[in-house]
Amino acid sequence: MVSVSSTLSPPLTTQILPVALSDIDFPRDADMPNVQQPSVTYTNIHKAAHMIRFHIAPVAFPTETVYGLGASALSTTAVRQIFTAKNRPLDNPLIVHISSVAQLRRVLNTKIPEIYEPLIQKFWPGPLTIILPLPAPIRNEDGSEAPAISPACTPGQNTFGVRMPSHPVARALIAISDTPVAAPSANASTRPSPTTAMHVYTDMAGRIPLILDGGPCNVGLESTVVDGTVSPPAILRPGGVSIEEIRKYGGPLWKDVITGQSDAGQDEKVRTPGMKYRHYSPKAKVVVFLGQGDGSDGEILRYLRGLTGDVKLGVLPSRLFNLDSWDEEIKKKICVVKELGKSGAEISRNLFAYLREVDEAGVDLIIAEGVGEEDEGAAIMNRLRKAATEILDNSQYIVKK
Ligand code: TXA
Ligand code: MG
């Protein structure tokens, strides 16, 4: 267990509490998990669930995509604490996490439009977020009405995003707290999303009381956000479920799914508000190279030879780069190389972790090898484009910002 006292306001001690996936059994169609008892996992999940249920403070927990920072989606005070801890812009809506479809119906009084049925059958629990119309307000005994989900979760929207994570710790936490959990990624705003408890700790120490540590996340990139409330349906954010899979398993209505916008200007009203903000940014400048083969000639070498002075380089090769072919002068500038991997799944799993790792080595410039947009490639390139200061695509300079 690691803990620290911070001078941040409010000063909190942040505990990292271990949880073992092997202690939890949560069948797909069950409403409650079986958690080994007694166990450290049982104690720690109940501690975190208590904080969520009684709106004490947001807590970080592992999901199969990235670590989330969760609080009750029913409480404006609790949701505001998430925004404060992350320093997140207040107009960026949060995804509501549920542990079962029954919970969605019961607590949020929400019917799921038919268009989502095949996707839910195939991908829930898992890395898919669906957009639903906001539920009807709840009528109190005195006749007054209150919104079913805190409006702080859905600023400016008449919809909300919902997802059932497949990670047993995430699902168990939501079920045991008996609360729909609003949870953005548990990074500080603008930083790469966290895929380990230590990443969360780096960003959030002193700002939240506890982090459940369930080890590294398996998918590594966030969920795919799909909107079936519009026609044609749209993918608002590529993620852990690929566009090809949505088309393949979604049935006829998803065959013509469009892939929404990528970036939007600061003042634009956008369908996915999160898209307009700076994202995934290490401290170092990031340059992404696309379509440069093994990197042995062409634009990449011209770029690297043009670097003057004492530049410290970090390199993230993926499928093709061969650093052996680079000039000795360039090689001398390289401080750290982290191979992202060859398969889409590997690159997805490593991307955020390696962006952080290379950045922490204190480099000035990160050179990353982009990939094609097929399968996992769309989500990988979406994140790399947002992290990038510049993208050099097949010998053409495309200045991004
Ligand atoms: O995998 C994930 O989705 C992770 C884990 C923790 O579940 N969560 C996550 O949340 O990535 P966050 O807040 O970092 O990203 C949520 C994205 C944002 O781009 C937000 O704008 C969009 O989903 N979003 C949420 N509600 C929406 C809505 N009603 N309409 C359109 N976009 C929405
Ligand atoms: Mg995020």
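Each remark here, short or long, concerns the structure printed above.
Predicted model only: the values in this text are computed from it and were never measured. All chains use their own residue numbering, which begins from 1 and follows the written sequence. Each chain gets a letter, beginning with A, and each ligand a number, beginning with 1, in the order they are written. Two thresholds apply to this predicted model, a pLDDT of at least 70 for residue-level local features and 80 or more for giving and counting side-chain atom pairs, whereas whole-chain, interface and lining totals are computed over all residues. Only hydrogens and water are set aside; all other atoms, that is, all heavy atoms of the structure, feed into the side-chain values.

1. Here we look at the overall build of the protein chain
Within the protein chain, the regular secondary structure consists of 11 helices and 21 strands. Taken over C-alpha atoms, the radius of gyration is set against a globule rule of 2.2 Å times the number of residues to the power 0.38. Against the 2.2 N^0.38 benchmark of 21 Å for 401 residues, the protein chain shows a C-alpha radius of gyration of 22 Å, consistent with a compact globule. Projected onto its principal axes, the C-alpha coordinates of the protein chain cover approximately 75 × 50 × 40 Å. A burial count over the protein chain gives 57% of its 401 residues as buried. It only takes one pair of heavy atoms within 4.5 Å for two residues to be counted as in contact. For the protein chain, contacts bridging at least 24 residues in sequence account for 69% of all contacts bridging at least 6. Computed by Shrake-Rupley with a 1.4 Å probe, the accessible areas treat only the displayed protein chains as cover when residues are assessed. Accessible area of the protein chain: about 17100 Å², with a carbon and sulfur share of 51%. Positive charges come from Lys and Arg alone, negative charges from Asp and Glu alone, with His and the N- and C-terminal ends not counted. To locate a charge, take NZ of a lysine, CZ of an arginine, CG of an aspartate or CD of a glutamate. One way to put it: in the protein chain the 41 positive side-chain charges average out to a point 4 Å from where the 43 negative ones average out. Each helix is a run of H or I in the DSSP string that is no shorter than four residues. Each strand is a run of E no shorter than two, and both are numbered from the N terminus. Partly exposed describes any residue whose relative accessible area lies between the buried limit of under 20% and the exposed limit of over 50%, with all areas from a 1.4 Å probe on protein chains only and scaled to the type maximum.

2. Notes on the pairing of strand 18 (residues 334–337)
The side chains of a regular strand alternate, first on one face of the sheet and then on the other. When DSSP finds at least two bridges between two strands, those strands are taken to pair. When strand 17 (residues 313–316) meets strand 18, the two strands line up parallel, connected through 3 bridges. Its bridge partner being in strand 18, Leu313 is matched across the sheet by Ile334.

3. Examining helix 1 (residues 40–53)
A helix's residues, less one, multiplied by 1.5 Å, set its expected span. Under the 1.5 Å per step criterion, the end-to-end length of helix 1 is 20 Å for 14 residues, consistent within 8% with the ideal 20 Å. When helix 1 is considered as a whole, its buried residues turn out to be Thr41, Asn44, Ile45, Ala48, Ala49, Met51 and Ile52. All buried residues of helix 1 project into a common sector of 155° when viewed along the axis, lining one side. Downstream of helix 1 by a residue or two, His55 has a phi angle that is positive, lying close to 55°. For this quantity, the arc is that covered by the directions from the helix axis to the C-beta atoms.

4. A few points about unusual backbone geometry
The amide bond that connects Gln37 to the next residue, Pro38, takes the cis arrangement and shows omega of 0°. Within the secondary structure, Pro38 sits in the loop between strand 3 (34–35) and helix 1. Of note, the bond from Trp124 into Pro125 is cis; its omega dihedral lies within 30 degrees of zero at -5°. Mapping Pro125 onto the fold places it in the loop between helix 4 (117–123) and strand 7 (128–133). At Asn109, a residue that is not glycine, the phi angle is positive and equals roughly 50°. For Asn109, a relative accessible area of 53% gives the class exposed. In this model, Asp375 sits at a positive phi of 50°, which is unusual for a non-glycine residue. Mapping Asp375 onto the fold places it in the loop between strand 19 (365–369) and helix 11 (377–387).

5. Structural notes on the nonpolar core
Definition used in this section: a nonpolar core is a set of buried Ala, Val, Leu, Ile, Met, Phe, Trp, Tyr and Cys residues joined via side-chain atoms within 4.5 Å. Counting residues in each nonpolar core, the largest one holds 56 residues, and the members touching the most others are Tyr116, Trp124, Leu128, Ile130 and Val226. With 5 residues, the top contributor of residues to this core is helix 2 (residues 76–86). When residues no more than four places from it in sequence are discounted, the contact partners of Tyr116 are Ile130, Ile131, Leu132, Val226, Asp227, Gly228, Thr229 and Trp254. The next biggest cluster of nonpolar side chains, apart from the first, holds 28 residues, and it includes Val66, Tyr280, Ile380 and Ile391.

6. Details of a negative patch on the surface
A cluster of acidic side chains, namely Glu244, Glu245, Glu374, Asp375 and Glu376, defines a negative patch on the protein surface. Mapped onto the elements, Glu245 comes out in helix 7 (residues 243–249). For Glu245, a relative accessible area of 30% translates into the label partly exposed. Two distance rules govern patches: like charges are joined within 9 Å, and nonpolar side chains (Val, Leu, Ile, Met, Phe, Trp, Tyr) within 5 Å, applied only to residues with over 30% relative accessible area and no salt bridge. Salt bridge, as used here, is a side-chain nitrogen of Lys or Arg placed within 4 Å of a carboxyl oxygen of Asp or Glu.

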